[in-house]
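Working through the structure, step by step
Here's the letter readout for the chains.
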Amino acid sequence: SQKIEQNSEALNIQEGKTATLTCNYTNYSPAYLQWYRQDPGRGPVFLLLIRENEKEKRKERLKVTFDTTLKQSLFHITASQPADSATYLCALGGNTGKLIFGQGTTLQVKP
Amino acid sequence: GAGVSQTPSNKVTEKGKYVELRCDPISGHTALYWYRQSLGQGPEFLIYFQGTGAADDSGLPNDRFFAVRPEGSVSTLKIQRTERGDSAVYLCASSSGTGDIGYTFGSGTRLTVV
């Protein structure tokens, strides 16, 4: 069955450093991959989408890579700030519109 | 509306009761999705609508769960004979199409079955 794995342990980094989060998947060939941010008590907020034929996408301090051979996406936040502290979810999608989410990784940026 | 609205924000019900959860999507969004999220987990797909019809209901766990979207806008998720295992946050999302488009989520309804 399809499986998506994100770091289950929280990631703690110092302000100003680059945070790197990992999303690995098996038994799936997604057409695209999305990253969301979720704060406690709130719904996920869409950040970035990368398609299967794209290697890298950037948006301000965010960068996403997508390696369909390794079946992995990396999500980077450069010059991290305490306000970046949240849970980050990766999600895979195909042609049906349905997204399958990973369990999320919690990021804590310390001042 | 400006965002996806879900009501109620919290619902406590007794085991065996019937509940309805409402979702008001962004005006004009044709696709609407229901997900369920347990503590420490990612959202789990339940059902999605394209217009008025359920395009994919493969995530509904059993026949106690049912969802409708009669006019292609507001949707209601209905749960019969609730069980304690149904306790979770139920999230609704909408998008302007299907495929490679980001979803807009509501804040969810926290359902607690006691």
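Now for a quick tour of the structure. Within every chain, residues take consecutive numbers counted from 1 along the sequence as written. By the order in which they are written, chains take letters starting at A while ligands take numbers starting at 1. Side-chain atom pairs in this predicted model are given and counted only at pLDDT of 80 or more, local residue features only at pLDDT of at least 70, and totals for whole chains, interfaces and linings cover all residues. Calculation of side-chain values draws on the structure's entire complement of heavy atoms; hydrogens and water are dropped beforehand.

Remarks on the interface of chain B and chain A
The criterion, for reference: Every residue pair with non-hydrogen atoms within 4.5 Å of one another is taken to be in contact. Buried area counts how much accessible surface, traced with a 1.4 Å probe, disappears from two parts once they are put together, with both parts' losses summed. Salt bridges are defined by distance alone: a side-chain nitrogen of Lys or Arg within 4 Å of a carboxyl oxygen of Asp or Glu. Distance and chemistry together define a polar contact, namely a pair of N or O atoms within 3.5 Å, with one atom able to donate a hydrogen and the other to accept it when in protein, and with adjacent residues in sequence counting only for side-chain atoms on both sides. Think of it this way: any DSSP run of H or I at least four residues long counts as a helix, any run of E at least two long counts as a strand, and we number them from the N terminus. All residues other than Ala, Val, Leu, Ile, Met, Phe, Trp, Tyr, Cys, Pro, Asp, Glu, Lys and Arg, Gly among them, are scored as polar; the first ten of these are nonpolar and the last four charged.
In this complex, chain B contributes 21 residues to the contact, which on the side of chain A involves 19 residues. Carbon and sulfur atoms supply 51% of the area that chain B and chain A bury against each other, a total of about 1500 Å² over both sides. The largest share of the area that chain B buries against chain A comes from D100(B), Y103(B) and F105(B), three residues that together contribute 31% of it. Taken together, chain B and chain A are joined by one salt bridge. Where K98(A) meets D56(B), a salt bridge forms, and the shortest distance between an N and an O atom there is 3.7 Å. Linking chain B with chain A are six residue pairs in polar contact (both at pLDDT 80 or more). Mapped by element, the contributors of at least two residues to the side of chain B that touches chain A are strand 4 (31-37) and strand 5 (44-50) of chain B. Here the side of chain B that touches chain A takes three residues from strand 4 of chain B, the largest share from any one element. Looking at side-chain class alone, the side of chain B that touches chain A contains nine nonpolar, 10 polar and two charged residues.

Digging into the side chain of S73(A)
All names here are of chain A. What counts, and what does not: Type-normalised accessible area, obtained with a 1.4 Å probe on protein chains alone, sets the label of each residue: buried when under 20%, exposed when over 50%, and partly exposed for intermediate values.
With respect to the element layout, S73 can be found in strand 8 (residues 72-77). Of the residues examined, S73 reaches a relative accessible area of 0% and is grouped as buried. Here the side chain of S73 touches T65 through a polar contact of 2.8 Å, landing on its backbone oxygen. Not counting chain neighbours up to four residues away, the residues in contact with S73 comprise L21, T22, C23, L33, W35, V64, T65 and F66.

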